[in-house]
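Below, each chain spelled out in residue letters.
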Amino acid sequence: MSLHGALYDYLEAEIDGLGYMGPLPLPQSPSLPALTITQISAPRAYTMDSREVGLIDERTQIDVWGSSLASVNTVKGAVIDLLSGYKGALGGVVIEASIVNNEFPRGIEPETGLRGHIIDMTISWRA
């Protein structure tokens, strides 16, 4: 299983009332609140003699979308509470470290009126 598949399964099981969960772009008229996960980078760790050690330090962006600031903040808080500092098995992957690097509001999307919040994370994991 991929990291994103494991994250979607975990967050869907732990956060009540999530609507759309998947990659960007959001579909037209998604069920809300929605959550998208995007891989920013995924460098692998190597030994000094160039052997891969099986650890991936993935930078991941999680976007929370909703029709109200309250719904976005509720889901954003739940995601951060669940993933910040998480270590252990998750689906078919093992998370060694999970760190929130930054989080900030996206503002209001002019075309849809949706509010959003970005959570920037580094998740170190093994398949």
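Residues numbered from 1 in each chain as written. Predicted model: local features only at pLDDT ≥ 70, side-chain atom pairs only at ≥ 80, totals over all residues. Heavy atoms only, no water.

**A short note on the overall build of the protein**
Okay, step 1: Within the protein, the secondary structure is distributed over 2 helices and 7 strands.
Okay, step 2: Its helices and strands in sequence order give the protein the pattern α-β-β-β-β-α-β-β-β, from N to C terminus.
Okay, step 3: Against the 2.2 N^0.38 benchmark of 14 Å for 127 residues, the protein shows a C-alpha radius of gyration of 15 Å, consistent with a compact globule.
Okay, step 4: For the protein, the C-alpha atoms occupy an extent of roughly 50 × 25 × 25 Å along the three principal directions.
Okay, step 5: Counting the 127 residues in the protein, one finds 41% classified as buried.
Okay, step 6: Long-range contacts, defined as pairs at least 24 residues apart, comprise 56% of the intrachain contacts of the protein with a sequence gap of at least 6. (Helix = DSSP H or I, 4+ residues; strand = E, 2+ residues; numbered from the N terminus. Rg over C-alpha atoms; globule rule 2.2 N^0.38 Å. Buried < 20%, exposed > 50% of the residue type's maximum accessible area, 1.4 Å probe, protein only. Contact = heavy atoms within 4.5 Å.)

**Thoughts on the environment of Ala97**
Okay, step 1: Turning to its location among the elements, Ala97 is positioned in strand β6 (residues 93-108).
Okay, step 2: Among the residues examined, Ala97 registers a relative accessible area of 24% and is labelled partly exposed.
Okay, step 3: Sequence separation between Ala97 and Gly85 is 12 residues, and the spatial gap between their C-alpha atoms is 6.4 Å.

**What about the nonpolar core?**
Okay, step 1: Leu11, Leu35, Ile62, Val79, Leu83, Leu90 and Ile95 are the most contacted members of the largest nonpolar core, which totals 29 residues.
Okay, step 2: For this core, the elements supplying multiple residues, two or more each, are α1 (3-14), β2 (34-41), β4 (52-66), α2 (69-83), β6 and β7 (115-126).
Okay, step 3: Dropping the residues within four chain positions of it, Leu83 is found in contact with Leu7, Tyr10, Leu11, Ile62, Ser98 and Met121. (Core = buried A, V, L, I, M, F, W, Y, C linked by side-chain atoms within 4.5 Å.)

**Description of α1**
Okay, step 1: Over its 12 residues, α1 runs 16 Å from end to end, which matches the ideal 16 Å to within 8%, given 1.5 Å per residue.
Okay, step 2: For α1, the set of buried residues is Leu3, His4, Ala6, Leu7, Tyr8, Tyr10 and Leu11. (Expected span 1.5 Å × (residues − 1).)

**Some remarks on the side chain of Gln61**
Okay, step 1: Summarising the element assignment, Gln61 is placed in strand β4.
Okay, step 2: The contacts of Gln61, once residues within four sequence positions are left out, are Thr36, Ile37, Thr38, Ile40, Arg106, Ile118 and Ile119.

**Points about α2**
Okay, step 1: End to end, α2 covers 21 Å across 15 residues, agreeing with the expected 21 Å (1.5 Å per residue, within 8%).
Okay, step 2: Residues Val72, Val75, Lys76, Val79, Ile80, Leu82 and Leu83 constitute the buried set of α2. Along the long axis of α2, the arc covered by the buried residues comes to 165°, so they all point the same way. In α2, those exposed residues whose orientation departs by more than 90 degrees from the buried face are Ala70, Thr74 and Asp81.
Okay, step 3: Where α2 is buried, its residues contact α1, β2, β4, β6 and β7.
Okay, step 4: A positive phi of about 85° marks Gly85, the residue just after α2. (Arc of directions from axis to C-beta.)

**Regarding the packing of α1 against α2**
Okay, step 1: At their nearest, the axes of α1 and α2 sit 11 Å apart, and the two run at 120° to each other. The handedness of the crossing between α1 and α2 is right-handed. When α1 is examined against α2, the residues Leu7, Tyr10, Leu11 and Glu14 are found in contact with a partner set consisting of Val79, Leu82 and Leu83.
Okay, step 2: Its residues assigned to classes, the contact of α1 with α2 shows 6 nonpolar, no polar and 1 charged. (Axes fitted to C-alpha atoms, helices over the stretch in contact; angles between N-to-C directions. Left-handed = near helix turned anticlockwise from the far one by under 90°. Nonpolar A, V, L, I, M, F, W, Y, C, P; charged D, E, K, R; others polar.)

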